[in-house]
Amino acid sequence: MQRLLKRCLCWALVLPAACSAEPPPQKSPPSPQENAIAANAPPCHIPVDAIKNLPEQVLAGTDITPVATFVPAAQTTVFNAGYTMDMGGATVSVSCVKSSEKAIAAGSLVSCTREFREPGMPADAKPYSDLCFSNNLFYGEHIRARLVDEGLLWLELHAGNDFIPSDFWLLLR
């Protein structure tokens, strides 16, 4: 009988601790590239509606210009390129590199880093990896960008920075 009581007491002490333990950390969701590989689809695909319902104005220096006035770039020079814009003393810069040397029929995978610098303040850098680049258009979960004759039109849908607008494209040269 004592043996049975000891076992019950042991289980009473162990079982609640095991039940209340934190669940194991979940694996982060797969990247677009991993999803595409798993589904045997091209890893770089830009949806047809990728640039619908987006802002129609561009902040070009101190001017606001309609996005329709910008012509897609005749030449693609995005890789290993840098683009900048001054915003009232602060600087926004974007640099992009190929994520992979392998060209994909639907486009190329690109990684870009946006940096916001204010004088006397630490830089706010935000990396965006595995963006799809095709026909002068970038596409990512929170990024839309276009290469135009004047430079790069950049739109962050969720910048996480109060100074990077999500209601205007930025023209970086």
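This text goes with the structure placed above it.
In this text, all values refer to a predicted model and were calculated from it rather than measured experimentally. (Residues numbered from 1 in each chain as written. Predicted model: local features only at pLDDT ≥ 70, side-chain atom pairs only at ≥ 80, totals over all residues. Heavy atoms only, no water.)

Participant: When you look at the pattern of salt bridges in this model, what are you seeing that I'm missing?
Facilitator: Side-chain pairing between opposite charges can occur once the charged atoms of the two side chains come close. Tallying each qualifying case throughout the model produces three salt bridges. The residue Asp124 makes a salt bridge to Arg114 at a minimum N-O spacing of 3.4 Å. One end of the pair, Asp124, is in strand 6 (residues 124–134); the other, Arg114, is in strand 5 (residues 108–117), with 10 residues separating them in the sequence. Glu156 is the partner of Arg114 in a salt bridge, and the nearest nitrogen-oxygen pair spans 2.6 Å. Here Arg114 is found in strand 5, whereas its partner Glu156 is found in strand 9 (residues 151–156), with 42 residues between them in sequence. (Salt bridge = Lys/Arg side-chain N within 4 Å of Asp/Glu carboxyl O. Helix = DSSP H or I, 4+ residues; strand = E, 2+ residues; numbered from the N terminus.)

Participant: Quick question: what am I supposed to make of the side chain of Ser93 here?
Facilitator: For Ser93, the location among the structural elements is in strand 4 (residues 90–98). Contact partners of Ser93, with chain neighbours within four places excluded, come to Tyr83, Thr84, Thr113, Arg114, Glu115 and Leu172. (Contact = heavy atoms within 4.5 Å.)

Participant: In this structure, what is going on with the environment of Glu118? I would like to understand it.
Facilitator: When you line up the elements, Glu118 lands in the loop between strand 5 and strand 6. Exposure remark for Glu118: the relative accessible area of 31% places this residue in the partly exposed category. With 27 residues separating them along the chain, Glu118 and Thr91 place their C-alpha atoms 6.6 Å apart. Setting aside chain neighbours within four positions, we find Glu118 in contact with Ala90 and Phe163. (Buried < 20%, exposed > 50% of the residue type's maximum accessible area, 1.4 Å probe, protein only.)

Participant: Would you mind going over the state of the cysteines with me for this structure?
Facilitator: Linking two cysteines covalently through their sulfur atoms gives a disulfide. On inspection of all chains with the given rule, the structure shows two disulfides. Cys44 shares a disulfide with Cys132; S-S distance 1.8 Å. Linking Cys44 and Cys132, the disulfide has an S-S dihedral of approximately 95° and is accordingly described as right-handed. With Cys44 in the loop between helix 2 (32–38) and strand 1 (57–60) and Cys132 in strand 6, the pair connects residues that are 88 residues apart, well separated along the chain. (Disulfide = S-S within 2.5 Å.)

Participant: Would you mind showing me how to read the nonpolar core here?
Facilitator: Nonpolar side chains in soluble globular proteins generally cluster together in the buried interior. Counting 25 residues, the largest nonpolar core has Cys112, Phe138, Leu152, Trp154 and Leu172 as its most contacted members. Of all the elements in the fold, those that place two or more residues in this core are strand 3 (81–87), strand 4, strand 5, strand 6, strand 8 (143–148), strand 9 and strand 10 (169–172). With near-sequence residues (within four places) excluded, Leu152 lies in contact with Tyr83, Val94, Phe138, Ala145, Arg146, Leu147, Leu170, Leu171 and Leu172. One finds Phe70, Leu153, Leu155 and Trp169 within the second-largest nonpolar core, a separate group that totals 10 residues. (Core = buried A, V, L, I, M, F, W, Y, C linked by side-chain atoms within 4.5 Å.)

Participant: Help me understand the pairing of strand 9, please; the structure alone is not making it clear to me.
Facilitator: Side chains on a regular strand alternate between the two faces of the sheet. Of all six residues in strand 9, six are buried; the element is thus mostly enclosed. Where strand 8 folds back onto strand 9 in an antiparallel hairpin, the turn is made up of two residues. Bridging between strand 9 and strand 10 involves three bridges; their strand directions are antiparallel. Considered in strand 10, the bridge of Leu152 is made with Leu172. (Pairing = 2+ DSSP bridges.)

Participant: Any chance you could explain the pairing of strand 3 here in plain terms?
Facilitator: Judged from the seven bridges that link them, strand 3 and strand 4 form a sheet pairing that is antiparallel. Bridging from a neighbouring strand, Met85 pairs with Val92 of strand 4. Where strand 3 folds back onto strand 4 in an antiparallel hairpin, the turn is made up of two residues, including Gly88, whose phi is positive at roughly 55°.

Participant: For this particular structure, what's the right way to read the packing of aromatic side chains?
Facilitator: Given two aromatic rings, their pairing is described by the distance between the two centres and the angle made by the two planes. In the structure shown here, the tally under the stated rule is three aromatic pairs. With a centroid separation of 5.4 Å and an interplanar angle of 0°, the aromatic rings of Phe116 and Phe163 are classed as stacked. Residue Phe116 is located in strand 5, and its partner Phe163 is located in the loop between strand 9 and strand 10; the two are separated by 47 residues in the primary sequence. The exposure class of Phe163 is partly exposed, given its relative accessible area of 47%. Seen from their ring centres, Tyr128 and Trp154 are 6.1 Å apart, and the 65° between their planes marks the pair as edge-to-face. Taken together, the residues Tyr128 in strand 6 and Trp154 in strand 9 connect sequence positions 26 residues apart. Each of the two residues, Tyr128 as well as Trp154, counts as buried. Here Arg146 stacks its cationic end above the ring of Trp169, 5.2 Å away from the centre of that ring. (Phe/Tyr/Trp six-rings, centres within 6.5 Å; stacked < 30°, edge-to-face > 60°. Lys NZ or Arg CZ within 6 Å of the ring centre and 35° of its normal.)

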